[in-house]
Amino acid sequence: METLRLIVLLVHLIGFAVLFGSWAVQAFGGQRQFGKIMEYGLLIAGVAGLVLAAPWGLPEGAEMNYVKIGTKLVVLVAIGALVGSGLGRQKRGASVPSAVFWLVGILTVTNAAIALLWR
């Protein structure tokens, strides 16, 4: 069961890497636009994160930190809302405000920091 949990964790990290990597390419490539691949990374990270939030495969006596999981979910939904609204603006021919673009990167790193630092 632990092996399956670790595989799901790997998929979760891949989703985060796809989201952050595609954002970083745009940020440092000078275009500052949202891409469809960001949505896919967000979806992969979100679904795998929800699967990880299920209380399966935990060692005896371990408890879930539901406040941490809820906080990460709120940040994930905020990132999704920003990416979705940015893609909608791009479809209409408008540009993404730079504050929204940079906020997606900041929130993505924040979500990773919460996962790593919050015990």
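Just so it is clear, the model here is predicted, and its values are computed rather than measured.

**Remarks on the confidence of the model for the protein**
Thought 1: Summing up the model confidence of the protein, the mean pLDDT is 93 and the portion of residues at 70 or higher is 100%.
Thought 2: Per-element confidence in the protein ranges from a low mean pLDDT of 94 for helix α1 (residues 2–29) to a high of 96 for helix α3 (residues 66–91).

**Comments concerning the nonpolar core**
Thought 1: In terms of nonpolar packing, the biggest core is built from 18 residues, with Trp23, Phe34, Met38, Ile79, Val83, Phe101 and Val104 touching the most fellow members.
Thought 2: Here this core takes six residues from α3, the largest share from any one element.
Thought 3: Excluding its chain neighbours within four sequence positions, the residues that come into contact with valine 104 are Trp23, Phe34, Ile79, Leu82 and Val83.

**What to know about the layout of surface pockets**
Thought 1: Reported here for the largest pocket is a volume of approximately 1000 Å³.
Thought 2: The element best represented in the lining of the largest pocket is α1, accounting for seven residues.
Thought 3: Its residues assigned to classes, the lining of the largest pocket comprises 23 nonpolar, seven polar and six charged.

**Quick word on unusual backbone geometry**
Thought 1: If you check the backbone angles, arginine 32 has positive phi at about 55° while not being a glycine.
Thought 2: Among the structural elements, arginine 32 can be located in the loop between α1 and α2 (36–52).
Thought 3: By relative accessible area, arginine 32 is classed as partly exposed at 33%.

**Here we look at the packing of α1 against α2**
Thought 1: Contact geometry for α1 and α2: axes closest at 8 Å, N-to-C directions at 155°. Looking at the two axes, α1 sits roughly antiparallel to α2. Pair α1 / α2 crosses with left-handed handedness. Between α1 and α2, the residues in contact are Arg5, Val8, Leu9, Val11, His12, Gly15, Phe16, Val18, Leu19, Ser22, Trp23 and Gln26 and Ile37, Met38, Gly41, Leu42, Ile44, Ala45, Ala48, Gly49, Val51 and Leu52, respectively.

**Some thoughts on α3**
Thought 1: Over its 26 residues, α3 extends 37 Å from the first C-alpha to the last, a length consistent with the 38 Å expected when each residue adds 1.5 Å.
Thought 2: Among the residues making up α3, those that are buried are Lys68, Lys72, Val75, Leu76, Ile79, Leu82, Val83, Gly86 and Leu87.
Thought 3: In this structure, the buried side of α3 is in contact with α1, α2 and α4 (98–117).
Thought 4: Among the residues trailing α3, glycine 93 stands out with phi positive, at a value near 95°.

Basis of the calculations
- Residues numbered from 1 in each chain as written.
- Predicted model: local features only at pLDDT ≥ 70, side-chain atom pairs only at ≥ 80, totals over all residues.
- Heavy atoms only, no water.
- pLDDT = per-residue confidence, 0-100.
- Helix = DSSP H or I, 4+ residues; strand = E, 2+ residues; numbered from the N terminus.
- Core = buried A, V, L, I, M, F, W, Y, C linked by side-chain atoms within 4.5 Å.
- Buried < 20%, exposed > 50% of the residue type's maximum accessible area, 1.4 Å probe, protein only.
- Contact = heavy atoms within 4.5 Å.
- 1 Å grid on protein atoms, 1.4 Å probe; cavity = no way out; pocket = protein on both sides within 12 Å on 5 of 7 lines; lining within 4 Å.
- Points joined across faces, edges and corners; volume = space filled by probe spheres on them.
- Nonpolar A, V, L, I, M, F, W, Y, C, P; charged D, E, K, R; others polar.
- Axes fitted to C-alpha atoms, helices over the stretch in contact; angles between N-to-C directions.
- Parallel < 35°, antiparallel > 145°, perpendicular 65-115°, else oblique.
- Left-handed = near helix turned anticlockwise from the far one by under 90°.
- Expected span 1.5 Å × (residues − 1).

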